[in-house]
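Here's the letter readout for the chains.
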Amino acid sequence: MIRLDMKKWDRAEHFRFFNRLDHPNYSLCAPIEVTGLWSFRQKMKNGGRIIRLSDMIYYAATKAANSIDEMRMRIVDGVPVIFERIDMGFTHIPDGQTLHANCVARYDPQFSKTEQAINKARQESDLNPTLSPEGAEGQNLFYFSIMPDIPFTTATNPWGNPEEDSIPRILFGKISEKEDKREMPVSVEALHSFVDGLHMGQFYKRMQEICDNPQQHFNS
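All figures in this text were calculated on a predicted structure; none of them were measured in a lab.

K.L.:
How do you make sense of the packing of aromatic side chains when you look at a structure like this?
P.N.:
Given two aromatic rings, their pairing is described by the distance between the two centres and the angle made by the two planes. One pass over the full model with this rule turns up 15 aromatic pairs. Look at Trp9 and Phe194: their rings are 6.2 Å apart centre to centre, the planes differ by 35°, and that puts the pair in the tilted class. You can see Trp9 sitting in the loop between β1 (2–3) and α1 (12–19) and its partner Phe194 sitting in the loop between β10 (181–191) and α5 (197–212), a full 185 residues away along the chain. This pair shows no difference in class: Trp9 is buried, exactly as Phe194 is. Between Phe203 and Tyr204, the aromatic rings sit 5.6 Å apart at their centres with planes inclined by 70°, giving edge-to-face as the arrangement. The same class applies to Phe203 and to Tyr204, which are both buried. Three or more aromatic residues link up through ring pairs in this structure, and these residues are Phe40, Tyr59, Tyr107, Phe111 and Phe218. The positively charged end of Arg169 is found above the aromatic ring belonging to Trp159, 3.9 Å away from the centroid. Arg182 extends its terminal NZ or CZ atom over the ring of Trp38, reaching a point 4.0 Å from the ring centre.

Calculation rules
Residues numbered from 1 in each chain as written. Predicted model: local features only at pLDDT ≥ 70, side-chain atom pairs only at ≥ 80, totals over all residues. Heavy atoms only, no water. Phe/Tyr/Trp six-rings, centres within 6.5 Å; stacked < 30°, edge-to-face > 60°. Helix = DSSP H or I, 4+ residues; strand = E, 2+ residues; numbered from the N terminus. Buried < 20%, exposed > 50% of the residue type's maximum accessible area, 1.4 Å probe, protein only. Lys NZ or Arg CZ within 6 Å of the ring centre and 35° of its normal.

And the structure:
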């Protein structure tokens, strides 16, 4: 974690402008085509390798977001910082439960290691469901949730005080078939103090590139 120098940071004025607002967060929602991702997963399944689609989606989103400096920026102890790596927090309904719990998993550029971390977090949640797992108190996270039955076109999330809660929220909706394509709505909500439309566009573009080229990203 590196503290940003307000005297040299080119975004300092924008940060101060938006951060003084009561609601400095904003959201966008756009579809991501997951046709290639879906086909790749099916091919792997036919070969005996079972991959959870949610694991692939979490990985693709985390890898895309980590590639953008502004999406790794947070407020810690009242000052803007940038993290070298951001991990993932995600919701999970534990076995035998109807209420969701929260999980935290470490991101690794190698998909198989991220997949292992996600599965371990789910298993721990099955044994000890909680909204406050170890690691959830930090700001170096993306918050993920999947609503597989809702093809939403917009979404909002609960937020705390942005001085203490500056974590982007990313929601994934129902995958719909349109002709020969499969599309999934993706909502991104972040602090305008850090993230502009330019960075939102970069995130969607990079996540789409990962979903379009799964062999390059999910064979490791």
